[in-house]
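Here is how the chains run, residue by residue.
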Amino acid sequence: MALQLAPDKVESDVDLLARIHALSEQVKGLVNAEKALYDSQQQLDAQVRVYRQLYEVGKRLNASLDVDNVARIIVQFVVYELYFERCVVLLKTNSGFRVAAHEGYYNEADASALETLELPTGSPVASVLDTYTNGFSKTEPSEGSPFAALAVALRLDELTGLPIAAGPDGVRGFVVAGNRAEKWEYHTRVADEAKFALGFANLVSQSGTALSTVEAYAALNQERNALEEKVRERTRELSTAMESLKALDKLKTNFFSNVSHELRTPLTLSIGPIEMLLRPGTALDAESRSVLTSVHANQLRLLKLINDLLDFSKMEEGKHSLRVVPIPLVQTVRYYLSTLQAAADVRRIELLLNVPEDDDVLYADANMLEKIVMNLLSNAFKFTPNGGKITLDVQFDTARVVVAVTDTGIGIPEDKREVIFQRFSQVDSGENRQYEGTGIGLAMVKEYMALHGGVVSVESAVGSGSKFTLAFKRGSAHFDPRDIADQHVEVAAPKAHNVVDIWETARSESIAPPALSSPPDAVPAAPPTAAAPDARRPTVLVVDDNHDLRRYISSVLSEHFEVHVAKDGAAGLESARALVPDLVISDVMMPRMSGYELCRAMKQDASDLARVPVILLTAKAERSMRLEGLQCGADDYLIKPFDCDELLARARNLITLRAQENALAAAHRQLVAHSEVIARDLRQARAFQRSLLPTEPSPDRLITSTVYEPCAVVGGDIYDIVEVRSGVFRLFIADAAGHGVQASLRTILLRNEYDGIKRHAPSPQAAIVALNDRLTRLDADVVMHFTCACVDVLPRADGTLDVTYANAGHVPLFVAGANGVREVLARGPLLGFSPDITVDELEFRVDRDETLILTSDGMLEERGLDGEEFGGEPFLRALVEARSRGGRIASDLLEALKRFAASSPLTDDVTIVSVQAPAARTVE
Ligand code: ADP
């Protein structure tokens, strides 16, 4: 059937066709859009996959701790996930690049060629890599281009390289991926853009981080290995040192115990006989008994110390073995206390025992138990003052046996309560310490208690007392059965050496120990002012806290000296102040005040005490200690144990020295007093001499200048100027022999005699003869020797001087003028020896402007620094200068002399008289 279409219908068919066409176009569009959507979805999927793979590979990279491993992960990912045909990781080395990993589809020849590929610095390939540090991408590089060599080396036709960053601008290496031409199609098709762009770039950047991490890890690892090696080496060194220390320690301990053993035998052998001698009833005088008692006590103390040392070395070696026996505890401690009662009585210490009604056994080593308990009791006695209280408690619990020793002593500070159980620890270990001891006791108690499976503890309050508690386990189950000796034990008194320290605390009260009676100290500590010291014998003060030593030193010295004793530094200082002895002998380590402090206090005392010599005695032989002793002013130092002859000799020396010093000091004092008298006399003598000096004539009649300078001890100079006749002036200068007050007296006498004749004698010669006559007639005891010069001068109107000059042993006159200086000497003897003398007389003229100078020898004989006398050239120069200056010649000359002289004041009196006629006058 044919389709009949109406015209309007035809029109609508056309429309329809158009619409169908449009629709089909629309559908086509939609299909294309869907295809595009599909493609991009595919791409997105691929990207997501790559990201996921990258994420996975990133995790593997980060977990990798080895560079080559990282490189392997990279090449595998590039080849198998990103579909490159071949990938190589080239890493930088010190000498170029190396192939760290490679992967790809290739034959064996290619693989081994890559395996052995070397890219040294400077080679074309290495240079390319060093140049293109931002990466490169090349397809079929043209022959001869820099990439061609790399392409050949890696056997690729198309290659892309990205740098593995090593920091902001460094390159660690390259990841190079690529394809060959024959496989091109396949790989380029598959390795699409998205994969390439995203995957490759991302991977390379991740690999940079991974490599940094790996390298840091490797560096750390290296450092750690080095450190570990160091630690191992140090450990080896330490263990070697430890071994040698151990060996040394063992040697020391062996030596310790051998020596102690060796000492113990002779000691024990000597204690026995002494005890026999000391038994009551033996015929011993009181003095001998006392000395022997002291020897015995000291032997016991020594034995205790040696035993302690032996125990200590055993403890060091861990060699202690137990011999456990059942001990009736209450009975035993009761016995212990009973042996201490007498010592407690002496010291008014209340000794209490608190025990249960029923005794029971304590399984313990009997020797150790004795040492433990006696140690605690010993300390209680030592640290509890007289009048105190010591209690011993025993308690049996179901599981424990508790023994406690409580005292009302000095107590232990809280911070010391732990350390006192350590070896050699003491609360007070300074040089002022009041209590002797070694610091071993409590360490041993602790060790022994541990061996028994028990513990020791302490409670204490400073100033009120201490309580030491021993907690033993009850029964014997905790001991090794081999250590138990199940035998009956006799209750025994503690051994003497375990008790000796307690007796000692009583003996220092000057009362004998209970078991071995003896009289009190033979040399009691004398109160400083009690005994009047023996005037004939020097006094020695002995200061020591150990009464045996006090007594020993006293007995050594008492034969020669008056001996006084003091118990410690403070008491010593008090006694020394009261006695001012001739010598102090002092221990160094003492309670209250050490020997050093005592010595220092004495030497700083303002009184005579400062000059009392001190000998320090000490067991400390170290150089520093000796230095300290000498620095505190000690005069001598003796190391214990000392030889008594040496002590005696040193004591004598110091006492003699002190006596000599005293004598010197007394002589010095006398001299000082004497010299004061002399100085006073000299002052007076000087004043006298000055008062004898004449007044100078008026200058219009005679121009004079005079100087009289007495020396330090006053010499015998004198001078005079007198007008004897009208216009005639008589000058007189004399120098009596000697110095000092004597010389001064002679001068006064001389002056007196001269005054008697000076005006009557017609001439200088007559004056000198008359003076000699008078002097030689004086009492024979008056020794009067002197020199003098006598000069009459008559000034004339023309300005000249007529001079008449006689001399008796005196130095020459000088005439100084414009033409120089001339000496004039008249002969004559020293006066005072002989009554008959011949004295020459000279007459001469002194010209106008000339000066006549008289001096004493003190002026001319004074010496300068170089030993030269002033009287020669220096005097003449000084004279010319003084004259030319025209002033007072005498004082100018004296100044010149003083400048020249080496000594000040001058060694002899100096007298200078200069005269000159007044200027010429017109004769009327
Ligand atoms: P040592 O008595 O020989 O010094 P120890 O080991 O027995 O040695 O004691 C160590 C220190 O413990 C003592 O020096 C003393 O300072 C302190 N100490 C021990 N017992 C007492 C006590 N009962 N009271 C006060 N102090 C004590």
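Residues numbered from 1 in each chain as written. Predicted model: local features only at pLDDT ≥ 70, side-chain atom pairs only at ≥ 80, totals over all residues. Heavy atoms only, no water.

**What to know about the overall build of the protein**
Then comes step 1: Scanning the protein from terminus to terminus reveals 22 helices and 28 strands.
Then comes step 2: Per-residue burial over the protein gives 44% buried out of 924 residues.
Then comes step 3: Put simply, 68% of the contacts in the protein that link residues at least 6 apart link residues at least 24 apart.
Then comes step 4: Summed over all atoms, the accessible surface of the protein reaches about 47,400 Å², with 54% contributed by carbon and sulfur. (Helix = DSSP H or I, 4+ residues; strand = E, 2+ residues; numbered from the N terminus. Buried < 20%, exposed > 50% of the residue type's maximum accessible area, 1.4 Å probe, protein only. Contact = heavy atoms within 4.5 Å. Areas by Shrake-Rupley, 256 points an atom, 1.4 Å probe, with all protein chains shown as cover.)

**With respect to the nonpolar core**
Then comes step 1: If you look at the biggest cluster of nonpolar residues, it comprises 64 residues, and the most contacted ones within it are Leu329, Leu340, Leu377, Phe381, Leu392 and Leu470.
Then comes step 2: Broken down by element, this core gets its largest block of residues, nine residues, from helix H10 (residues 366–383).
Then comes step 3: Beyond its immediate sequence surroundings of up to four residues, Phe381 is in contact with Leu340, Ala343, Ala344, Arg347, Ile349, Leu351, Ile390, Ile502 and Thr505. (Core = buried A, V, L, I, M, F, W, Y, C linked by side-chain atoms within 4.5 Å.)

**Considering empty space enclosed by the protein**
Empty space among the atoms can be located by rolling a probe the size of a water molecule over them.
Then comes step 1: In total, this model carries two cavities of 30 Å³ or more according to the counting rule given.
Then comes step 2: Of the volumes computed, that of the largest cavity is approximately 60 Å³.
Then comes step 3: At the level of secondary structure, the elements contributing two or more residues to the lining of the largest cavity comprise helix H8 (286–317) and H10.
Then comes step 4: Here the element with the most residues in the lining of the largest cavity is H10; it accounts for three residues.
Then comes step 5: Looking at side-chain class alone, the lining of the largest cavity contains two nonpolar, two polar and three charged residues. (1 Å grid on protein atoms, 1.4 Å probe; cavity = no way out; pocket = protein on both sides within 12 Å on 5 of 7 lines; lining within 4 Å. Points joined across faces, edges and corners; volume = space filled by probe spheres on them. Nonpolar A, V, L, I, M, F, W, Y, C, P; charged D, E, K, R; others polar.)

**Here we look at the packing of H8 against helix H12 (residues 496–507)**
Helices that pack against each other are described as a pair by the angle of their axes relative to one another and the distance between those axes.
Then comes step 1: As a packed pair, H8 and H12 sit with axes 8 Å apart at the nearest point and diverge in direction by 130 degrees. Judged by the angle between their axes, H8 and H12 are oblique. Note on packing geometry: the crossing formed by H8 with H12 is left-handed. Together, Thr293, Ser294, Ala297, Leu300, Arg301, Leu303, Lys304 and Asn307 of H8 and Ala496, His497, Val500, Asp501, Trp503, Glu504 and Arg507 of H12 make up the contact between the two elements.
Then comes step 2: Residues of the contact of H8 with H12, tallied by class, amount to six nonpolar, four polar and five charged. (Axes fitted to C-alpha atoms, helices over the stretch in contact; angles between N-to-C directions. Parallel < 35°, antiparallel > 145°, perpendicular 65-115°, else oblique. Left-handed = near helix turned anticlockwise from the far one by under 90°.)

**Quick word on the layout of surface pockets**
Then comes step 1: In this model, the second largest pocket occupies a volume close to 540 Å³.
Then comes step 2: Lining the second largest pocket are 25 residues, and of these Asp311, Lys314, His320, Asn367 and Lys371 lie nearest its centre.
Then comes step 3: Among the elements of the structure, helix H7 (193–278), H8, H10 and H12 are those that each provide at least two residues to the lining of the second largest pocket.
Then comes step 4: A breakdown of the residues in the lining of the second largest pocket according to their chemical character gives six nonpolar, nine polar and ten charged.

**Some points on the site of the ligand**
Then comes step 1: Surrounding the ligand, one finds 20 residues, the nearest of these being Asn379, Asp407, Gln426, Thr438 and Leu442.
Then comes step 2: At 3.3 Å from an oxygen atom of the ligand is found a main-chain nitrogen or oxygen belonging to Gly441.
Then comes step 3: Within the complex, 95% of the 530 Å² of free accessible area of the ligand lies under protein.
Then comes step 4: Elements represented by at least two residues in the shell around the ligand include exactly H10, helix H11 (441–451) and strand S13 (465–473).
Then comes step 5: Tallying contributions element by element places H10 first for the shell around the ligand, with four residues. (Near = heavy atom within 4 Å. Polar contact = N/O pair within 3.5 Å; in protein donor to acceptor, adjacent residues only side chain to side chain.)

**A closer look at the sheet that holds strand S20 (residues 717–725)**
Then comes step 1: Strand order in the open sheet formed by five strands is S20-S21-S22-S23-S26, and the pairing between neighbours is antiparallel. Where the open sheet ends on each side, the last strands, each with one partner, are S20 and strand S26 (841–846). This sheet shows a mean twist of 20 degrees between the axes of neighbouring strands, independent of strand direction.
Then comes step 2: When strand S23 (residues 801–808) meets S26, the two strands line up antiparallel, connected through six bridges. (Pairing = 2+ DSSP bridges.)

**Details of the pairing of strand S15 (residues 562–566)**
Then comes step 1: Among the five residues in S15, five count as buried, and that is most of the element.
Then comes step 2: The two faces of S15 match: Glu562, His564 and Ala566 on one face and Val563 and Val565 on the other face are all buried.
Then comes step 3: Of the pairings in the sheet, the one linking strand S14 (residues 539–543) to S15 comprises five bridges and is parallel in character. Its bridge partner lying in S15, Val540 is registered against Val563.
Then comes step 4: Between the parallel pair S14 and S15, the chain is carried across by helix H13 (residues 547–557), and the sense of this crossover is right-handed. (Right-handed = clockwise from strand over helix to strand, strands pointing away.)

**Remarks on the environment of Ala570**
Then comes step 1: Looking at the element boundaries, Ala570 is found in helix H14 (residues 569–579).
Then comes step 2: Since its relative accessible area comes to 23%, Ala570 is described here as partly exposed.
Then comes step 3: Considered as a pair, Ala570 and Glu597 are 27 residues apart in the sequence and their alpha carbons are 9.0 Å apart.
Then comes step 4: In contact with Ala570, other than residues within four places in its own chain, are Arg592 and Met593.

**Section: the packing of aromatic side chains**
Then comes step 1: Enumeration over the complete set of coordinates arrives at nine aromatic pairs.
Then comes step 2: Taken together, a centroid distance of 3.7 Å and an interplanar angle of 10 degrees make the contact between Phe732 and Tyr754 stacked. Placement of the pair is Phe732 in strand S21 (residues 728–736) and Tyr754 in helix H18 (residues 740–757), with a sequence separation of 22 residues.
Then comes step 3: The class of Phe732 is buried, set by a relative accessible area of 3%.
Then comes step 4: In textbook terms, an aromatic cluster arises when at least three aromatic residues are bridged by ring pairs, as seen for Phe97, Tyr132, Phe136, Phe147 and Phe174. (Phe/Tyr/Trp six-rings, centres within 6.5 Å; stacked < 30°, edge-to-face > 60°.)

**Comments concerning the pattern of salt bridges**
Then comes step 1: For the structure shown, the criterion picks out 39 salt bridges.
Then comes step 2: Residue Arg577 pairs with Asp605 through a salt bridge whose shortest N-O separation is 3.3 Å. Residue Arg577 is located in helix H14, and its partner Asp605 is located in the loop between helix H15 (595–603) and strand S17 (614–618); the two are separated by 28 residues in the primary sequence.
Then comes step 3: On the accessibility criterion, Arg577 (48% relative accessible area) is partly exposed.
Then comes step 4: The partner of Glu869 in a salt bridge is Arg863, and the shortest N-O contact between them spans 3.2 Å.
Then comes step 5: Judged by its relative accessible area of 44%, Arg863 falls in the partly exposed class. (Salt bridge = Lys/Arg side-chain N within 4 Å of Asp/Glu carboxyl O.)

**Side note on the confidence of the model for the protein**
Then comes step 1: For the protein, the average pLDDT comes to 82, and 90% of its residues sit at 70 or higher.
Then comes step 2: Low pLDDT, under 50, characterises residues 510–534; the stretch is placed with 47 contacts to residues that sit more than four places away or in other chains. (pLDDT = per-residue confidence, 0-100.)

**A closer look at helix H22 (residues 889–900)**
Then comes step 1: For H22, which comprises twelve residues, the first-to-last C-alpha distance of 16 Å matches the rise-based estimate of 16 Å (1.5 Å per residue) to within 8%.
Then comes step 2: Along H22, the positions that sit buried rather than exposed are Ile889, Ala890, Asp892, Leu893, Leu894, Ala896, Leu897 and Phe900.
Then comes step 3: Packed against the buried residues of H22 are strand S19 (703–709), strand S27 (851–855), helix H20 (857–861), helix H21 (873–885) and strand S28 (910–916). (Expected span 1.5 Å × (residues − 1).)

**Some remarks on the sheet that holds strand S24 (residues 813–817)**
Then comes step 1: Here we have five strands laid out as an open sheet, ordered S19-S28-S27-S24-S25, and antiparallel in their pairing. Since the sheet does not close on itself, it has two edges, and those belong to S19 and strand S25 (820–824), each with one partner. If you compare each strand with its neighbour and ignore which way they point, the axes differ by 20 degrees on average.
Then comes step 2: This element, H21, spans S24, S25 and S27 of the sheet and lies at about 45 degrees to S24.
Then comes step 3: Against the sheet, H22 contacts S19, S27 and S28, and its axis sits at roughly 35 degrees relative to S19.

**Re unusual backbone geometry**
Then comes step 1: The phi dihedral of Arg348 is positive, around 50 degrees, even though this residue is not glycine.
Then comes step 2: Examined against the element boundaries, Arg348 turns out to sit in the loop between helix H9 (329–346) and strand S8 (350–354).
Then comes step 3: Residue Arg348 is classed as exposed on the basis of its relative accessible area of 57%.
Then comes step 4: Look at Arg592: it is not a glycine, yet its phi comes out positive at around 65 degrees.
Then comes step 5: When you line up the elements, Arg592 lands in the loop between strand S16 (583–587) and H15.

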